[in-house]
Amino acid sequence: EAGVAQSPRYKIIEKRQSVAFWCNPISGHATLYWYQQILGQGPKLLIQFQNNGVVDDSQLPKDRFSAERLKGVDSTLKIQPAKLEDSAVYLCASSPEWTGQTQYFGPGTRLLVL
Amino acid sequence: AQTVTQSQPEMSVQEAETVTLSCTYDTSESDYYLFWYKQPPSRQMILVIRQEAYKQQNATENRFSVNFQKAAKSFSLKISDSQLGDAAMYFCAYRRSKETSGSRLTFGEGTQLTVNP
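What comes next concerns the included structure.

A count of helices and strands for chain B gives zero helices and 12 strands. For chain B, the α and β elements follow one another from N to C terminus as β-β-β-β-β-β-β-β-β-β-β-β. In terms of overall dimensions, chain B has a C-alpha envelope of 45 × 30 × 20 Å along the principal axes. Counting only residues that meet the buried cut, chain B has 50% of its 117 residues in that class.

As a further point, take the interface of chain A and chain B. Each partner contributes residues to the interface: chain A has 29 residues there, and chain B has 22 residues. Taking both sides of the interface into account, the surface hidden between chain A and chain B amounts to around 2,000 Å²; carbon and sulfur atoms contribute 42%. Counting across the chain A and chain B interface gives one salt bridge. When the shortest N-O distance is used, the salt bridge between arginine 104 of chain B and aspartate 56 of chain A registers 2.7 Å. Counting across the interface, chain A meets chain B through 10 residue pairs in polar contact (both at pLDDT 80 or more). Listed by contribution, the elements that provide at least two residues to the side of chain A that touches chain B are β4 (31-37), β5 (44-50), β6 (53-56), β9 (88-95) and β11 (109-113) of chain A. Sorting elements by how many residues they give to the side of chain A that touches chain B places β4 of chain A first, with three residues. In terms of residue class, the side of chain A that touches chain B is made up of 11 nonpolar, 15 polar and three charged.

What follows covers the nonpolar core. All names here are of chain B. With 25 residues, the main nonpolar core has Tyr25, Trp36, Phe75, Leu77 and Tyr90 as its most contacted residues. Secondary structure elements with two or more residues in this core: β3 (19-21), β5 (32-39), β6 (46-52), β8 (64-69), β9 (74-79), β10 (88-96) and β12 (111-116). Element by element, the count of residues in this core is highest for β10, at four residues. Excluding residues that lie within four positions of it along the chain, phenylalanine 75 makes contacts with Ser22, Cys23, Tyr25, Leu34, Phe35, Trp36, Gln51, Val66, Asn67, Phe68 and Cys92.

Before going further, it helps to spend a moment on the environment of serine 30 of chain B. All names here are of chain B. In this fold, serine 30 is placed in the loop between β4 (24-26) and β5. Of the residues examined, serine 30 reaches a relative accessible area of 53% and is grouped as exposed. Spatially, the C-alpha atoms of serine 30 and arginine 96 are 9.0 Å apart, while their sequence positions differ by 66 residues. Excluding its chain neighbours within four sequence positions, the residues that come into contact with serine 30 are Ala53 and Lys70.

Turning our attention to the environment of serine 27 of chain A. Within the secondary structure, serine 27 of chain A sits in the loop between β3 (19-24) and β4. In the structure, serine 27 of chain A is positioned 24 residues away from glycine 3 of chain A in sequence and 8.6 Å away in space, judged by C-alpha atoms.

Two aromatic rings, taken as a pair, are described by how far apart their centres are and by the angle between their planes. All told, the structure shown has 15 aromatic pairs over all chains when counted by the stated rule. Ring centres 5.4 Å apart and planes at 80 degrees place the aromatic pair phenylalanine 105 of chain A and tyrosine 37 of chain B in the edge-to-face group. One end of the pair, phenylalanine 105 of chain A, is in strand β10 (residues 104-105); the other, tyrosine 37 of chain B, is in strand β5, on a second chain. Each of the two residues, phenylalanine 105 of chain A as well as tyrosine 37 of chain B, counts as buried. In this structure an aromatic cluster arises from ring pairing among Tyr33, Tyr35 and Phe105 of chain A together with Phe35, Tyr37, Phe91 and Phe107 of chain B.

Here the structure, examined in full by the defined rule, presents two disulfides over all chains. There is a disulfide in this structure between cysteine 23 of chain A and cysteine 92 of chain A, and the S-S distance comes to 1.9 Å. As the torsion about the S-S bond is roughly -70 degrees, the cysteine 23 of chain A-cysteine 92 of chain A disulfide counts as left-handed. On the criterion of sequence distance, the pair formed by cysteine 23 of chain A in strand β3 and cysteine 92 of chain A in strand β9 is long-range, its members being 69 residues apart. In this pair, the class of cysteine 23 of chain A matches that of cysteine 92 of chain A, namely buried. Cysteine 23 of chain B shares a disulfide with cysteine 92 of chain B; S-S distance 2.0 Å. Taking the sign of the S-S torsion, about -70 degrees here, the bridge from cysteine 23 of chain B to cysteine 92 of chain B comes out left-handed. Here cysteine 23 of chain B, found in the loop between β3 and β4, pairs with cysteine 92 of chain B, found in strand β10; they are 69 residues apart in sequence, far enough to count as distant. The exposure class assigned to cysteine 23 of chain B is buried, which follows from its relative accessible area of 2%.

Cut-offs used in this document
- Residues numbered from 1 in each chain as written.
- Chains lettered and ligands numbered in written order.
- Predicted model: local features only at pLDDT ≥ 70, side-chain atom pairs only at ≥ 80, totals over all residues.
- Heavy atoms only, no water.
- Helix = DSSP H or I, 4+ residues; strand = E, 2+ residues; numbered from the N terminus.
- Buried < 20%, exposed > 50% of the residue type's maximum accessible area, 1.4 Å probe, protein only.
- Contact = heavy atoms within 4.5 Å.
- Buried area = accessible area lost by both parts, 1.4 Å probe.
- Salt bridge = Lys/Arg side-chain N within 4 Å of Asp/Glu carboxyl O.
- Polar contact = N/O pair within 3.5 Å; in protein donor to acceptor, adjacent residues only side chain to side chain.
- Nonpolar A, V, L, I, M, F, W, Y, C, P; charged D, E, K, R; others polar.
- Core = buried A, V, L, I, M, F, W, Y, C linked by side-chain atoms within 4.5 Å.
- Phe/Tyr/Trp six-rings, centres within 6.5 Å; stacked < 30°, edge-to-face > 60°.
- Disulfide = S-S within 2.5 Å.

Worth remembering: the numbers are spatial, not functional.
Structure (structure tokens):
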């Protein structure tokens, strides 16, 4: 069974530029999560989708971050415009159950904003 | 709001010996889930072990076991017969049981485990 796929693995941009990350969850997983992991910290949830609907985006900085999950499969996370403090690893996870007891994580995208 | 605290930023253990990683959490909920995740340098988060709060029996997975003390809100991870491949960052995580507002994981700050040969 293929795992959660993410691309790109690394991205370097300058502040005020835009960037997008892509996630393909495990086949059949209805729930998808985006986490932000700043260096030296634990991951923090940005947004949770159940199929193509948003369940929790309370910690998403909506003035610059946006995410979508068209057709309830792949998802993209966008930052526009990026700030220095957005430098982090962005982790995508998926779960087969609504309750998300076991979340399976992708390898992450490391973003550096200069 | 729920919080998870890992008071040991770094730990080290000799190969084949036993090490215990500490985790405490704060919640007003009575039913929830607790997890230990492992994150090697490749950054892929891997589930190590899971504990349901309503279960009194401590979870075990091969060389990994937990000591769950619900009243003390403590959830430690014991790694027996440590192997070089166990070296990684370990995160303790909490998830509430009620799903009215999602199923997010709340993570601690992590403990970096070094295994010495």
